[in-house]
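Architecture and fold: a report
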Amino acid sequence: MRDFPTATVRTRVTVPLRFGDGYSVDAELVTFHGLADEKEHLAVVLGKPAANPLVRLHSECLTGDVFGSARCDCGPQLREAVEQIAERGGVLLYLRQEGRGIGLYNKLDAYALQDQGLDTYAANAALGLPEDGRDYTAAAQMLQALGIDSLDLLSNNPDKADQLRDLGITVSHRVPTGVFTTAHNVRYLRAKVLQTQHTLPLTELTAG
């Protein structure tokens, strides 16, 4: 098990969330002192506290979360996660890890290479960047600061569960997200299944 420094809660504030499809929910947004990577990650606490809460680690995606880009499934995953977590009780950790940790500009550079035929992982590699540069130490710190040491993880990505377990967090179950395909993201989703074993049904990801 990896050791990591303790983080503490900095601020808690209630914010009413409103989505474009009409869904609304009140959330408690929590900020932290002492996160290992010194980034401004955010915990979104939703619903009534649960003994084994539902948790999602959602990496920031400006293009998908804010602008509704159809090149990924991030926006729909975020919307789905908020409602599911609110119904059950839990936390969405909004992590500042744009482009699987490579940043916004590099992500858009990778998009340009994808337009030339590379998949999402090969494009990162062609830029001399990691296929997935995310580290979830800060996520474990945030969970610990919130008093959460056991959870169900809302994710298709086995690496998230593996890293949390290595950091001492008990992941009781991994709950898959929905499958949100568009004509523009099928190759991207297939690459996630084939390259990093995301639990998405390949039969639904026909080439577009």
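Residues numbered from 1 in each chain as written. Predicted model: local features only at pLDDT ≥ 70, side-chain atom pairs only at ≥ 80, totals over all residues. Heavy atoms only, no water.

**As for the packing of aromatic side chains**
- Taken as a whole, this structure holds one aromatic pair when the rule is applied.
- Judged by centre distance (6.1 Å) and plane angle (40°), the ring pair of Phe19 and Tyr23 falls under tilted.
- The aromatic ring of Tyr111 is capped on one face by Arg71, whose charged end is 4.2 Å from the ring centroid.
- For Arg79, the ring lying beneath its charged end belongs to Phe19, and the centroid distance is 5.6 Å. (Phe/Tyr/Trp six-rings, centres within 6.5 Å; stacked < 30°, edge-to-face > 60°. Lys NZ or Arg CZ within 6 Å of the ring centre and 35° of its normal.)

**Let's talk about the UniProt feature "binding site: Zn(2+)" (unreviewed entry) in the chain**
- Feature annotation in UniProt assigns "binding site: Zn(2+)" (unreviewed entry) to the following positions: Cys61, Cys72 and Cys74.
- Within the secondary structure, Cys61 is located in the loop between β4 (54-59) and α1 (62-66).
- The residues touching Cys61, leaving out its near neighbours within four places in the chain, are Val66, Cys72, Cys74, Tyr94, Glu98 and Lys107.
- Here Cys74 shows up in helix α2 (residues 74-88).
- Of the residues examined, Cys74 reaches a relative accessible area of 12% and is grouped as buried. (UniProt positions renumbered as here; feature names shortened; annotations may be inferred. Helix = DSSP H or I, 4+ residues; strand = E, 2+ residues; numbered from the N terminus. Contact = heavy atoms within 4.5 Å. Buried < 20%, exposed > 50% of the residue type's maximum accessible area, 1.4 Å probe, protein only.)

**As for the UniProt feature "domain: GTP cyclohydrolase II" (unreviewed entry) in the chain**
- Taking the UniProt record as the reference, the feature "domain: GTP cyclohydrolase II" (unreviewed entry) is found at residues 26-176.
- The span residues 26-176 shows a helical share of 37% and a strand share of 24%, and its end C-alpha atoms are spaced 24 Å apart.

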